[in-house]
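# Summary of structural features
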Amino acid sequence: MGWIGARLERLEDERLLTGQGRYVADLALPHMLQACFVRSPHPHARVLRIDAERARRVAAVFTAPDLPHTPLVDSVRMEGLLKTPQPALAGDRVRFEGEAVAIVLAESRYLAEDAAELVEVEYEPLPPVMDAERAGEAEPLHSELGTNVVYRRSFAWGDPDRAFAAADHVFRSRYHGNRFVAAPIETRGCLAQWSGGRLTMWSATQGPHLLRRRLAATTGIPEGRIRVIAPDVGGGFGQKIPAHPEEIAVALAARAAGRPVKWIEDRRENLTAAPHAKEQLIDLELAVAADGTFLALRARVLGDAGAYSFNAASALIEPYLSAQLMPGPYRIRHYACEITAALTTKSPVAPYRGIGWTAGHTARELLIDRAARVLGRDRADLRRQNLVEAHEFPYAACNGMVFDSGSFRESLDKALELVGYDEPHSPFVGVGVSPYVEPTGWGSEGGFQSNWSFASHDAVRLTVEPSGEVTAAVGSPSQGQGHETTLAQVVAGELGVRPEQVTVIAGDTSATPVS
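The model shown is predicted, which means the values in this text are computed figures rather than measured ones. (Residues numbered from 1 in each chain as written. Predicted model: local features only at pLDDT ≥ 70, side-chain atom pairs only at ≥ 80, totals over all residues. Heavy atoms only, no water.)

### Quick notes on the overall build of the chain
Summing up its helical and strand segments, the chain has 12 helices and 20 strands in all. Here the chain has a C-alpha radius of gyration of 25 Å; the compact-globule value for 515 residues is 24 Å, and the two agree. Projected onto the principal axes, the alpha-carbon positions of the chain cover approximately 75 × 65 × 45 Å. Residues classed as buried in the chain amount to 52% of the 515 residues present. Considering only contacts within the chain whose residues lie at least 6 apart along the sequence, 80% involve residues at least 24 apart. Just so you have it, the chain exposes about 23,000 Å², and 52% of that area is on carbon and sulfur atoms. (Helix = DSSP H or I, 4+ residues; strand = E, 2+ residues; numbered from the N terminus. Rg over C-alpha atoms; globule rule 2.2 N^0.38 Å. Buried < 20%, exposed > 50% of the residue type's maximum accessible area, 1.4 Å probe, protein only. Contact = heavy atoms within 4.5 Å. Areas by Shrake-Rupley, 256 points an atom, 1.4 Å probe, with all protein chains shown as cover.)

### Examining the side chain of D74
In this structure, D74 sits in the loop between β3 (60–63) and β4 (93–94). On the accessibility criterion, D74 (4% relative accessible area) is buried. Separated by 2.4 Å, the side chains of D74 and K83 make a polar contact. A distance of 3.4 Å separates the side chain of D74 from the side chain of S309, its partner in a polar contact. Non-local contacts of D74, meaning those with residues more than four positions away in its chain, are made with L81, K83, S309, F310, N311 and S314. (Polar contact = N/O pair within 3.5 Å; in protein donor to acceptor, adjacent residues only side chain to side chain.)

### Digging into the packing of aromatic side chains
Scanning the model with the defined rule gives 10 aromatic pairs in all. Considering the side-chain rings of F37 and W263, the 5.5 Å spacing of their centres and the 90° angle between planes classify their relative orientation as edge-to-face. Within this pair, whereas F37 is found in strand β1 (residues 33–39), its partner W263 is found in strand β12 (residues 261–264), the two being separated by 226 residues in sequence. W263 gets classed as buried once you look at its relative accessible area, which sits at 0%. Between the aromatic rings of F393 and F408, the centroid separation amounts to 5.5 Å while the plane-to-plane angle is 80°, which identifies the pairing as edge-to-face. Of this pair, F393 sits in the loop between α9 (379–386) and β16 (395–396) while F408 is found in helix α10 (residues 408–419), placing the two residues 15 residues apart along the sequence. Assessed through its relative accessible area of 15%, F393 is described here as buried. Members of the aromatic cluster, each reached through a chain of ring pairs, are Y151, F155, W157, Y320 and Y335. (Phe/Tyr/Trp six-rings, centres within 6.5 Å; stacked < 30°, edge-to-face > 60°.)

### Structural notes on the environment of E285
Examined against the element boundaries, E285 turns out to sit in strand β13 (residues 280–288). Placed 142 residues apart in sequence, E285 and S143 show a C-alpha to C-alpha distance of 36 Å. Residue contacts for E285: discarding those within four places in its chain leaves F164, V170, F171, R172, A296, L297, R298, R300 and L367. Within polar-contact distance, the side chain of E285 engages the side chain of R172 at 2.9 Å.

Encoded structure:
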């Protein structure tokens, strides 16, 4: 039987729905301490003095000098990208509201929070940098860089200048995509334990192997001596992909204290101190022929990276991907873009569902709507005219992205039919049209085509027991998507067993292959 796509009751649901799930907050170890962070109330300030004498009478308090380590830094290798190492705890300067300057350990979270209020921090407020467009004019947040612009580069494919000169119409627009925060039901959290020179970290992470790599790089402990375990994770949406400074601080504090340490983020921390997402400013120009054919596209994409080029995928996670994928599924043969990433005194930007390309596609589709209005064309018909057709596959876009298959026109027509596009609608009902292609399952080829510097991969290790039962150890853990069921279906379909005969193991770097 083909199990892939079969309608099954999810194998994990009974455990999760009856309260038997185990999240980081459910975990406890003997002699465990609870952590609370002292965070900056200023978006930008010098840290002149930290007085923890009163707090240390009731709790353990560590500041930056107490926890030496190698700061977090992104591993993206892109020409012209400046690095902004981020410490686990801020030292002489804070660069966004909510940045941690101390970690407080006590027998309970309540005591840790009370002790944190006893830590006295003297700040010298500095001018905040709130406008990414003017960030280059402001005092550098990282003085060693000498600038707040960490990346600027232009690309061109075809001959966009000539195409614009020959166009009958040129349409322009500016789009400002606001900041987002993922706000998963389960906030960030971790539990660290040291034993015999080895570190075990339980974390609400989407990337256990990535976190292990970052822990090794910051602590100096070889990866083989670090074990990361992701128990049940209550939502991630990208925010839990990167390593977080708090996780590094918790690991270092546990080693310094000689006891296990657990930190569970509260909702206010998540909204202010956790990484944000998406903010972009996009200027677009679309060249169109008299008959409505799209001739060329120009884009200027500015990404507001926040205070650091975050270790997830750097300050380029939004503007670079937005610009590189801007032509979308349209037959546009000439394209130019300028990509800029700037630092501001806001929480750093990290992945969040759809990352860069959602803002870029939104800006492009709004501009196409404007072109349709001016030309007196139906919005859907103008798009249909310019979409790549099925007979053109594999279609190589002007900037190197290869569309190996698809049914863009047919899919658009079917969607229009399903929503009753041509039927009368109430004035309170709006219908949007937005063809959209998103790369998924990135591998080496996808990274190469997008000019991006990393490729993702996953692996599985299968063990067949004498009874015929199968254990599948996979590198990608679930955050509620039902991996235990869907991956069991895939394995069952390939090996000729039933899904309930497959046990899926994930989320433990000591038991699963690198992902």
